[in-house]
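Chain by chain, the residues:
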Number of protein chains: 2
Amino acid sequence: MQDQFKRDFFLGFIKVHILHHARIEPIYGKEFRQELRRHGYEISYGTLYPIFHKLEKGDYLTSEQKNVSGKIRKYYSITKKGVRALEAAKLKARELFNELFEES
Amino acid sequence: MQDQFKRDFFLGFIKVHILHHARIEPIYGKEFRQELRRHGYEISYGTLYPIFHKLEKGDYLTSEQKNVSGKIRKYYSITKKGVRALEAAKLKARELFNELFEES
DNA sequence: ATTACGATATCGCATTTCGATATTATAAAT
DNA sequence: ATTTATAATATCGAAATGCGATATCGTAAT
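Residues numbered from 1 in each chain as written. Chains lettered and ligands numbered in written order. Predicted model: local features only at pLDDT ≥ 70, side-chain atom pairs only at ≥ 80, totals over all residues. Heavy atoms only, no water.

Another point: the overall build of chain A. In terms of regular secondary structure, chain A is built from four helices and two strands. Its helices and strands in sequence order give chain A the pattern α-α-α-β-β-α, from N to C terminus. Seen through its C-alpha atoms, chain A measures out along the principal axes to roughly 55 × 35 × 20 Å. Within the span of chain A, comprising 104 residues, buried residues form 42% of the whole. (Helix = DSSP H or I, 4+ residues; strand = E, 2+ residues; numbered from the N terminus. Buried < 20%, exposed > 50% of the residue type's maximum accessible area, 1.4 Å probe, protein only.)

What follows is about the protein's contact with DNA strand C. Around DNA strand C lies a shell of 22 residues, among which Tyr49(A), Arg7(B), Ser44(B), Thr47(B) and Lys54(B) are the nearest. Near the protein, within 4 Å, the atoms of DNA strand C are sugar or phosphate in 74% of cases. Arg73(A) has a polar side-chain atom sitting 2.8 Å from a phosphate oxygen of DNA strand C. One of the side-chain N or O atoms of Lys74(A) is found 2.7 Å from a phosphate oxygen in DNA strand C. Looking at the surface near DNA strand C, the elements that each hand over two or more residues are α2 (29-38), α3 (45-57) and β2 (71-78) of chain A together with α1 (3-24) and α3 (45-57) of chain B. (Near = heavy atom within 4 Å. Polar contact = N/O pair within 3.5 Å; in protein donor to acceptor, adjacent residues only side chain to side chain.)

Moving on to the pairing of strand β1 (residues 61-68) of chain B. Residues and elements named next belong to chain B. Here β1 runs beside strand β2 (residues 71-78); their pairing, made up of eight bridges, is antiparallel. Bridged to Thr62 within β2 is Ser77. Counting the residues that bridge the hairpin from β1 to β2 gives two residues, and of these Ser69 lies at a positive phi of roughly 45°. (Pairing = 2+ DSSP bridges.)

Contact residues are listed per partner, giving 36 residues for chain A and 35 residues for chain B. When chain A packs against chain B, close to 3800 Å² is buried across both sides, 69% of that on carbon and sulfur atoms. Between the two partners, chain A and chain B, sit four salt bridges. Salt-bridge contacts for Lys15(B) lead to Asp8(A); the nearest nitrogen and oxygen are separated by 3.6 Å. Linking chain A with chain B are 10 residue pairs in polar contact (both at pLDDT 80 or more), by the criterion used here. At the level of secondary structure, the elements contributing two or more residues to the side of chain A that touches chain B comprise α1 (3-24), α3 and α4 (80-101) of chain A. The dominant element in the side of chain A that touches chain B, judged by the number of residues it contributes, is α4(A), at 14 residues. By residue class, the composition of the side of chain A that touches chain B is 18 nonpolar, nine polar and nine charged. (Contact = heavy atoms within 4.5 Å. Buried area = accessible area lost by both parts, 1.4 Å probe. Salt bridge = Lys/Arg side-chain N within 4 Å of Asp/Glu carboxyl O. Nonpolar A, V, L, I, M, F, W, Y, C, P; charged D, E, K, R; others polar.)

Structure representation (structure tokens):
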């Protein structure tokens, strides 16, 4: 599968992952990107950070800066609106799963 | 959930749906769009048709025109390469599902 | 002061997405 | 035979998104 289509198919998956993880615990860009790579997803910072910004602007995430041994990290947590969006996404993900894997 | 984010999250889901359905039987644009609407996905023709074209160009789909009572329909079927991409996507969808719904 | 460095932010270009509009092909009507 | 109607596909221009590369930030150590 070529990279071009990987992105096409999976960027949405990645966005759901963001909300899901940000609900469990605050996440920040660099570590989250590495987490994604461990799961086989490639995303550049030029894509990831603007997604964070957009999700924060849309009030799906909220951020808080922390100084970790002299380096600034921006931790994102999910908002109530984000939780609602995540639940809607989970519903759709479940439907997709059922359809893809139903016996036929 | 606002439309803007619906699209962000679900356009990839839609692309997986396309491959999945095109594997089961040949699909064509207008009917497939209505099928998607029944499942709660909104996509315009200005988005859908170029996706078909791109998937065909990338050899994930192949098309055949048919005359149905005077109207031309372009039926798309999946290719071998498309099947491989679909299987990869199903794997990822399963992983996403497992992560979203795992007990914690 | 300067350097080092983890981390975030932004740039310019290419591609994608969108609603709206145009085009195509044929059957039915005249 | 020409016109009209219509299902369906194709394409347009503008806006948004995605990308790799590069720049910037903030602080601690030197």
